[in-house]
Structures are given as structure tokens and as C-alpha cells.
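Remarks on the overall topology
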Amino acid sequence: MKNDKLHTIEIETLSAYLDHELSEREETQLRDRLAHDAELREKLEDLRLTRYTLRHTPKVKRSRSFTLSPEMVRKQTVAWRAINISRLVSVAASVLFSFMIIGEILFSGSGGLLAANTAEDSVMEDSSEEVGIPMSMQAADENLMEEPAEEPMIAAESAPVEEPAADEPADDVAGDTAESTPTVSGIGGGIEPTATQSLEVAESELEGTPEPGAGGGAPPTEPPLPAEATGVEERTMPSQKATGEIGQAEDGMAEDMTMADDSAETAPVEKFDETGPTEEGSRESIPWIRWIQGGLLVLAICFGAAAIYFRRTVR
Amino acid sequence: MQHKQSQFDELKMVEYALEGDLDAFNRLVMEYQDLAYNVAFRVLGERTAAEDAVQDAFISAFRKLKSFRGGSFKAWLLRIVTNACYDELRRQKRRPLVPLQPTDSEDDEIESPSWLEDPGETPEETALREELSQAIQNCLNSLDNDFRIVVVLVDIQGMDYAEAAETANTPLGTIKSRLARARMRLQDCLRGFGELLPEIFRLEGERISQ
């Protein structure tokens with residue numbers, strides 16, 4: 001490997017020596033080496049002969065003149081102008097298209113963040129407005145804590161639902177608290193309501209109408225109360241009954257579970273409502289953007305292809 | 001003195017051509033067309049391709065004349081010619097062409113085409129010259145494009161390293177190494193054509209070695 005490298009360097013030096021392209025110092029050093037190295041001298045002579053042969057390569061005669069005519073220049077000028085315009089349009093369309101894509105990505109990214117922030121802010125505002133509501137949540141938690149071992153199946157089912165319910169905003173909890181009243185009345189009738197039924201009942205209760213799905217249970221005698229009062233009052237009811245009747249307490253726990261389910265269900269709906277108008281607005285603008293982007297892309301491709309075509313045909 | 005006068009004329013012609021004087025530019029074309037054609041022919045190894053490349057190069061030179069910032073007009077022009085040759089080589093790579101051998105009216109191959117003929121030499125000398133020319137061209141064709149251009153500029157056209165570097169738009173050190181390696185390869189190749197090489201060169205070689 002080292003010998004090969006040395007060999008290449010030697011050849012380069014000898015070649016440059018033939019062309020008088022070495023410095024005086026390099027030339028003197030090489031002459032000294034040549035005086036003592038027969039192999040190096042032989043290589044030099046081989047190179048000299050090759051160079052001599054190449055230097056005496058016969059000249060080739062051209063068969064025509066290459067002078068330019070005005071038509072030739074004009075034709076070429078027009079053709080090159082067309083090529084340059086095509087290139088310019090293609091590049092401009094490509095750049096605009098890229099900007100639009102980048103802008104869309106950036107805009108939609110920040111829009112998404114803004115929408116998320118808006119939803120979070122609204123939730124925070126609602127929570128701060130209704131400070132008294134978390135008490136009902138505490139009551140619900142107490143209920144669940146009282147009877148964990150009696151119905152393991154229910155506890156297991158409630159576990160994943162309870163966590164998000166605790167983090168839910170206060171207005172959701174207020175709604176759920178209102179649901180507890182009809183379910184208590186439903187307990188009396190021995191019917192376990194579903195989450196949807198609980199929601200319907202809660203709505204009807206808040207509106208002061210009688211519960212349609214209460215079965216044989218007695219209609220509530222109390223007048224509709226504000227959410228806060230209802231929540232506090234009715235929270236105490238299942239626990240009071242639980243001290244006497246275990247089965248009723250179990251039902252109360254099940255109701256609390258449905259409350260938690262409801263809160264989990266209602267939360268995303270409200271978030272969707274808040275982000276809804278922003279998404280609709282962006283959806284409306286998307287077709288126009290797509291049309292413009294498509295047009296730019298077509299322009300870039302067509303004019304780029306035209307430039308390539310002109311370049312290949314022009315001689 | 002004559003060189004200075006020629007240089008002065010050349011610059012004047014460039015100035016006139018810059019003002020749009022096509023006749024002035026055509027004087028420059030007439031001055032350099034033989035050199036440009038020989039470079040293109042040796043690089044491309046084919047007459048028609050070389051003509052196309054040279055014509056393209058002159059048109060391109062006229063269009064780009066504003067980019068000439070002084071210095072050696074010859075080097076600037078030959079750079080455009082070598083670029084046109086590279087374009088032609090790329091085109092040939094995309095669409096390979098079978099070179100047409102020159103034929104006479106009876107469709108027989110002409111041994112000594114008119115563009116190789118010299119009225120001042122005997123048929124034997126013409127044959128000798130053509131033989132050498134073909135042998136060298138075959139060896140040049142076996143080189144890579146970058147190596148071939150350096151050999152053509154330095155050994156065939158007699159440029160110095162600096163001028164070749166400017167023309168090929170390549171560092172001087174690269175020119176030096178490419179030339180040395182190309183000469184070594186050509187040496188091996190031409191040795192294979194030993195019997196074909198004209199006697200005068202063999203004798204010259206013997207004389208030099210002595």
C-alpha cells in the first residue's frame with residue numbers, strides 16, 4: 001500500500017517535471033534522485049515518449065464554420081427566454097406551494113393549541129364559579145368508601161370511571177348531583193336506572209317535571225331546588241338509608257357510579273361544543289386552500305416540464 | 001509585440017461583441033473555432049457530436065458574454081466548450097448513438113475522410129497520420145471523462161497547468177495528479193498499439209531514451 005502511494009507520488013512528480021511545473025527545489029531533488037536511480041529514469045523516459053506522442057496528435061480539420069448568423073442568435077435568444085420564463089414560473093409556483101404547506105402546518109398547529117387552551121380556560125372558569133359543588137363529590141366519594149367490599153364487581157367497574165369523574169369540572173358534578181334525587185326515588189321502586197335514564201331523570205327533575213321512568217316509585221314530593229341545595233340534601237339520603245338497609249346502600253353506590261359515568265360522558269360533549277366553531281371555520285377554508293395548492297402544484301409541474309422540454313430541444 | 005497586438009484586438013472584439021456586434025464576435029469565433037473543434041473532437045471522439053458541441057458552445061458564449069470578467073478569453077471559451085462536451089456526453093449516455101462511418105457514393109467506407117486530409121502530404125503520410133490519430137483516440141476513449149479532458153487540454157492542446165485548471169474549473173493539484181495517472185494509462189494503452197504507431201514516433205522514442 002505504501003509502495004503504491006510512493007509510486008503514484010513519484011509518477012506525479014515525474015509528470016510535473018516533464019512539464020516544468022516543479023519548484024526549483026523539487027526539481028533539484030528529483031535530478032539528484034534520477035542520477036542514482038535507473039528505474040526512475042526509465043519511468044521518466046516512458047512518460048516522456050507518451051507525452052511526445054500525445055503532443056504530436058494530428059490536428060483534426062473541421063468540416064464547417066461555426067460563425068453565428070443573426071437568425072441563429074435570435075432563435076436561440078427567444079428559446080432561452082422561453083426556458084427562463086418557464087423556469088421562473090415553475091420555481092415561483094413551487095416556492096408559493098411550499099410556503100402554503102408550511103403555513104398551513106404552522107397555522108393548524110397553533111390553531112389546535114389555541115383551541116385546546118380555550119377549552120381548558122372555559123372549564124377552569126366554570127369550576128371557579130361553582131365552588132360549593134365539590135361537596136357533593138365528597139359525599140359521593142364517602143358513599144363509595146363505605147361499601148367497597150360488599151360488591152366487588154361494582155367497585156371494580158367503578159374504579160376506572162371514578163378517577164376522571166373526580167377531575168371533572170364543577171358544573172358537571174352539579175348536574176350529576178341533581179341526578180341523585182330521582183335515582184333515590186327509583187331505589188324505592190326497586191329499579192336500577194341506567195346512566196341515560198339517570199340523565200333524563202336529572203333533566204326532568206331540574207325542570208320540575210315528573211320522572212317518566214321511575215317505575216312504581218313515588219314522585220318526588222319536594223319542589224325543584226337549586227343545584228347546590230339539591231346536591232347537598234340528596235347526598236345525605238343514600239347514606240342514611242344505607243345504615244338501615246344494605247341493599248339500598250348498594251344501590252346508592254351504583255347510583256354514584258352512574259353519576260360518575262354521566263360526568264365522564266358529559267365532559268367531552270361540552271369540550272366539543274367549545275372547539276366546534278373554530279373547526280368549522282377551518283373546514284370551510286380548507287377547500288379554497290386545497291384548490292390554490294393544487295393549482296400551484298400543477299403550474300410548477302407543467303412549467304418545469306416545459307422548461308426541460310425546451311432545454312432539450314433547443315440546440 | 002505581435003502577441004500584445006493580438007491580445008488588444010481580442011479584447012476590442014469582446015468589447016464590441018458585448019455591445020451586440022455579432023461580426024466582432026464572429027471574428028473571435030473564427031480565431032478559436034479550430035482549437036474548440038479539436039478539443040471537442042478529442043473529448044467526444046465523434047465528428048458530428050463535436051460539431052454540435054462547438055456550435056452550442058459558441059451560441060452559449062455569445063449569450064453569456066457579459067459573464068466574462070477579463071483574463072484569458074481562450075480559457076473562458078474553452079471552459080464553455082468543455083461544459084458543452086460534458087452535456088453532450090451526458091446526452092450520449094442517456095441516448096447512446098452508433099457513430100456513422102463516412103462512406104462514399106457507393107456506400108463504401110472512406111479510409112481518409114476529407115476533414116483528415118491534408119493537401120500538402122502524400123497518401124502514405126496521410127495514412128500514417130490517420131493511423132496515429134485513431135490509435136490515440138482509441139486510448140483517449142478508454143479514459144474517464146475528467147482524465148480525458150485534462151490530457152486533451154495539457155498534452156494535445158499544450159496548455160500549462162494553471163490554464164488547464166482555469167479551463168476545466170478544477171484545482172491545480174487535481175490537474176497534476178489526473179494528468180500523471182492519465183499518462184500512465186495512456187502509456188500502457190499506446191504500448192498495445194506499438195506496431196500501429198508511426199515509425200517516426202518509435203524512432204523518436206528510441207532517440208529520446210538514448
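Keep in mind it's a predicted model, so treat the numbers as computed, not measured. (Residues numbered from 1 in each chain as written. Chains lettered and ligands numbered in written order. Predicted model: local features only at pLDDT ≥ 70, side-chain atom pairs only at ≥ 80, totals over all residues. Heavy atoms only, no water.)

1. Notes on the overall build of chain A
Spelled out, the test is: Note on conventions: DSSP H or I runs of at least 4 residues are helices, E runs of at least 2 residues are strands, and numbering of each starts at the N terminus. To sort residues, take the accessible area from a 1.4 Å probe on protein chains only and compare it with the maximum for the residue type: under 20% means buried, over 50% means exposed, and anything in between is partly exposed. In what follows, residue pairs with any heavy atoms lying within 4.5 Å of each other are defined as contacts.
Helix and strand counts for chain A come out as 10 helices and 0 strands. Counting helices and strands in the order they occur from the N terminus, chain A gives α-α-α-α-α-α-α-α-α-α. By the burial criterion, 33% of the 315 residues in chain A qualify as buried. Counted over contacts in chain A with a minimum sequence separation of 6, partners at least 24 positions apart contribute 77%.

2. Re the overall build of chain B
For the record, the criterion: The accessible surface values rely on the Shrake-Rupley method and a 1.4 Å probe; as for residues, cover is taken only from the protein chains in view.
When you go through chain B residue by residue, the secondary structure sums to 9 helices and 0 strands. Along its sequence from the N terminus, chain B presents helices and strands in the succession α-α-α-α-α-α-α-α-α. Counting only residues that meet the buried cut, chain B has 48% of its 210 residues in that class. The long-range share in chain B, meaning contacts at least 24 apart out of those at least 6 apart in sequence, stands at 58%. Of the roughly 11,200 Å² that chain B leaves accessible, carbon and sulfur atoms contribute 49%.

3. Topic: the nonpolar core
What counts, and what does not: Buried Ala, Val, Leu, Ile, Met, Phe, Trp, Tyr and Cys residues form a nonpolar core when they are joined through side-chain atoms within 4.5 Å.
Among the nonpolar cores identified, the biggest contains 78 residues, and F25(B), F58(B) and F73(B) are the most heavily contacted of them. Excluding anything up to four places from it in sequence, F25(B) contacts L68(A), A17(B), F58(B), A61(B), F62(B) and L65(B).

4. A word on the interface of chain B and chain A
The cut-off we apply is this: Buried area: the sum, over both parts, of the accessible surface (1.4 Å probe) that disappears when the two are put together. Definition used for salt bridges: Asp or Glu carboxyl oxygen within 4 Å of a side-chain nitrogen of Lys or Arg. The term polar contact refers here to a pair of N or O atoms within 3.5 Å; inside protein, the definition further demands a hydrogen-donor-capable atom paired with an acceptor-capable atom, and it admits residues adjacent in sequence only when both atoms are side-chain atoms.
Listed per partner, the contact involves 59 residues of chain B and 41 residues of chain A. Contact between chain B and chain A buries roughly 4,700 Å² in total, counting both sides, with carbon and sulfur atoms accounting for 60%. The tally of links between chain B and chain A comes to 5 salt bridges. With its nearest N and O atoms 2.9 Å apart, the salt bridge here joins R183(B) to D19(A). Along the contact surface separating chain B from chain A lie 17 residue pairs in polar contact (both at pLDDT 80 or more).

5. Notes on the state of the cysteines
All names here are of chain B. Note the following rule: What counts as a disulfide here is a pair of cysteine sulfur atoms lying within 2.5 Å.
Inspection of every chain in the model, using the stated rule, returns 1 disulfide over all chains. Between the sulfur of C139 and that of C189 lies a disulfide, 2.1 Å long from S to S. As the torsion about the S-S bond is roughly -85°, the C139-C189 disulfide counts as left-handed. In this pair, C139 sits in helix α5 (residues 123–141) while C189 sits in helix α8 (residues 172–192), placing the two residues 50 residues apart along the sequence.

6. Brief notes about the pattern of salt bridges
Under the defined criterion, the tally for this structure stands at 18 salt bridges over all chains. Through salt bridges that share partners, D19(A), R51(A), R55(A), D155(B) and R183(B) make up one connected network.

7. A short note on the side chain of S15(A)
Following the sequence through the fold, S15(A) ends up in helix α1 (residues 2–18). Owing to a relative accessible area of 0%, S15(A) belongs among the buried residues under this scheme. Excluding residues that lie within four positions of it along the chain, S15(A) makes contacts with L47(A), Y161(B), L179(B), A180(B) and R183(B).

8. Topic: a nonpolar patch on the surface
Where we set the bar: A patch consists of residues exposed above 30% relative accessible area that lack any salt bridge, with like charges linked at up to 9 Å and nonpolar side chains (Val, Leu, Ile, Met, Phe, Trp, Tyr) linked at up to 5 Å.
A contiguous nonpolar surface patch, about 500 Å² in accessible area, is contributed by V91(A), V95(A), F99(A), I102(A) and L106(A). Mapped onto the elements, V91(A) comes out in helix α4 (residues 70–129).

9. Comments concerning the packing of helix α7 (residues 161–168) of chain B against α8(B)
Residues and elements named next belong to chain B. Where we set the bar: Every axis in this analysis is a line fitted to C-alpha atoms, fitted for helices over the stretch in contact. Angles between the N-to-C directions lie between 0 and 180 degrees. Convention used here: angles under 35 degrees read as roughly parallel, angles over 145 as roughly antiparallel, angles from 65 to 115 as roughly perpendicular, and any remaining angle as oblique. When residues are sorted by character, Ala, Val, Leu, Ile, Met, Phe, Trp, Tyr, Cys and Pro go into the nonpolar class, Asp, Glu, Lys and Arg into the charged class, and all the rest, Gly among them, into the polar class.
Orientation of α7 relative to α8, taken along the N-to-C sense of each, is 100°, at an axis distance of 9 Å. Here α8 runs roughly perpendicular to α7, going by the angle between their axes. Contacts between α7 and α8 involve Y161, A162, A164, A165 and A168 on the former and, on the latter, L172, I175, K176, L179 and R183. Looking at the contact of α7 with α8 residue by residue, the class counts come to 8 nonpolar, no polar and 2 charged.

10. Some details on the environment of A79(A)
All names here are of chain A. Tracing the sequence through the fold places A79 in helix α4. Here A79 falls in the buried class, since its relative accessible area comes to 16%. Considering only alpha carbons, one finds A79 and T313, 234 residues apart in sequence, at a separation of 9.3 Å.

11. Here's the deal with a negative patch on the surface
Residues and elements named next belong to chain B. What counts here: We treat Lys and Arg as the positive residues and Asp and Glu as the negative residues; His and chain ends play no part in the count. Think of each charge as sitting on NZ of Lys, CZ of Arg, CG of Asp or CD of Glu.
On the surface, a cluster of negative charge is contributed by E15, E19, D21 and D23. Along the chain, the position of E19 falls in the loop between α1 (2–18) and α2 (22–44). Judged by its relative accessible area of 66%, E19 falls in the exposed class.

12. Overview of unusual backbone geometry
Phi is positive for H20(A), which is not a glycine, with a value near 55°. One non-glycine residue, N169(B), adopts positive backbone phi at about 55°. Residue placement: N169(B) occurs in the loop between α7 and α8. By relative accessible area, N169(B) is classed as exposed at 58%.

13. Observations regarding helix α6 (residues 145–156) of chain B
The element α6(B) is extensively covered by neighbouring structure, given that 10 of its 12 residues are classed as buried. Within α6(B), burial applies to F147(B), R148(B), I149(B), V150(B), V151(B), V152(B), L153(B), V154(B), D155(B) and I156(B). Next to the buried residues of α6(B) lie α3 (38–55) of chain A together with α2, α4 (73–94), α5, α7 and α8 of chain B.

14. Considering the packing of helix α2 (residues 24–36) of chain A against α3(A)
Residues and elements named next belong to chain A. Two elements in contact, α2 and α3, have axes whose closest approach is 6 Å; the angle formed by their N-to-C orientations is 110°. Relative to α3, the element α2 lies roughly perpendicular. Only A38, L40, R41 and L44 of α3 make contact with α2, whose side of the interface consists of L30, R33, L34, A35 and H36. For the contact of α2 with α3, the residue count by class is 6 nonpolar, 1 polar and 2 charged.

15. Brief notes about the confidence of the model for chain B
Residues and elements named next belong to chain B. Selection rule: Note on scores: pLDDT gives the predictor's confidence for each residue, bounded by 0 and 100.
Of all residues in chain B, 75% have pLDDT values of 70 or greater, and the mean over the chain is 81. Ranking the elements of chain B by mean pLDDT puts helix α9 (residues 199–209) last with 53 and α6 first with 94. Scored as a complex, the prediction yields pTM 0.55 and ipTM 0.79.

16. Brief notes about the confidence of the model for chain A
All names here are of chain A. Confidence in the prediction of chain A, expressed as mean pLDDT, is 64, and 41% of residues score 70 or more. Ranking the elements of chain A by mean pLDDT puts helix α7 (residues 170–188) last, at 42, and α2 first, at 92. Low pLDDT (under 50) marks residues 208–246, which in the prediction has 49 contacts with non-local residues, meaning those over four places away or in another chain. Throughout residues 263–277 the model reports pLDDT below 50, and contacts reaching past four residues in sequence, or to other chains, amount to 17 contacts.

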